[in-house]
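Structural characterization, general
So you can see what is in the structure, the chains are spelled out below.
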Amino acid sequence: MRIFQFKQESGKKITKFDSNFVMSRITQTNKAAHIGCMHLAEGGVVGYHQAVVPQLLLIVSGEGWVRGDEANEYIKVRCGEAVLWDKHEWHETKPKQKLDSWQL
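First, a word on scope: everything that follows refers to the structure included in this document. (Residues numbered from 1 in each chain as written. Predicted model: local features only at pLDDT ≥ 70, side-chain atom pairs only at ≥ 80, totals over all residues. Heavy atoms only, no water.)

**What about the packing of aromatic side chains?**
Here the structure, examined in full by the defined rule, presents one aromatic pair. Of note, Arg67 hangs over the ring of Tyr48, and the distance from its end group to the ring centre comes to 4.0 Å. (Phe/Tyr/Trp six-rings, centres within 6.5 Å; stacked < 30°, edge-to-face > 60°. Lys NZ or Arg CZ within 6 Å of the ring centre and 35° of its normal.)

Rendered as structure tokens:
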């Protein structure tokens, strides 16, 4: 399991083409990708399971905990962070409070 930042502070200012914004890169794929949005209410859970493909979780609001192969070690995640699990890696996600996220 790897955790990444995509907060504004970790992005790059873009001015090309008279633009004025900050870009925090998430991913680039060469193959088709499934992208979904999960809404986890307080007490919800994405149960402990093995990833059938690499999975990237982007937390866009709220905070919670994730765990990977280390079944008893939870890591706190919050808005502006992303978690990547490799194919076949065991993992679980649960919110501290309402948690909205994008899953690639």
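Moving on, there is more to tell.
**Some thoughts on unusual backbone geometry**
With a phi close to 65 degrees, Phe17 is a non-glycine residue in the positive phi region. Checked against the element boundaries, Phe17 lands in the loop between strand S2 (12-14) and strand S3 (21-23). Classification of Phe17 as exposed rests on a relative accessible area of 72%. You will see that Asp18, though not glycine, has its phi angle at about 60 degrees, which is positive. Among the residues examined, Asp18 registers a relative accessible area of 80% and is labelled exposed. (Helix = DSSP H or I, 4+ residues; strand = E, 2+ residues; numbered from the N terminus. Buried < 20%, exposed > 50% of the residue type's maximum accessible area, 1.4 Å probe, protein only.)

**Considerations on the pattern of salt bridges**
Where charged atoms from two side chains of opposite charge come close, those side chains can pair. The tally for this structure, following the rule as stated, stands at four salt bridges. Linking Lys76 and Glu63 is a salt bridge whose minimum nitrogen-to-oxygen distance equals 3.4 Å. In this pair, Lys76 sits in strand S8 (residues 75-78) while Glu63 sits in strand S7 (residues 63-67), placing the two residues 13 residues apart along the sequence. Note that Arg67 and Glu92 form a salt bridge whose closest N and O atoms lie 2.5 Å from each other. Remark: Glu92 occurs in strand S10 (residues 90-95) and Arg67 occurs in strand S7; sequence separation between them is 25 residues. As far as burial versus exposure is concerned, Arg67 and Glu92 are alike and both buried. Salt bridges here are not isolated pairs; linked through shared partners, they connect Glu63, Lys76 and Lys96. (Salt bridge = Lys/Arg side-chain N within 4 Å of Asp/Glu carboxyl O.)

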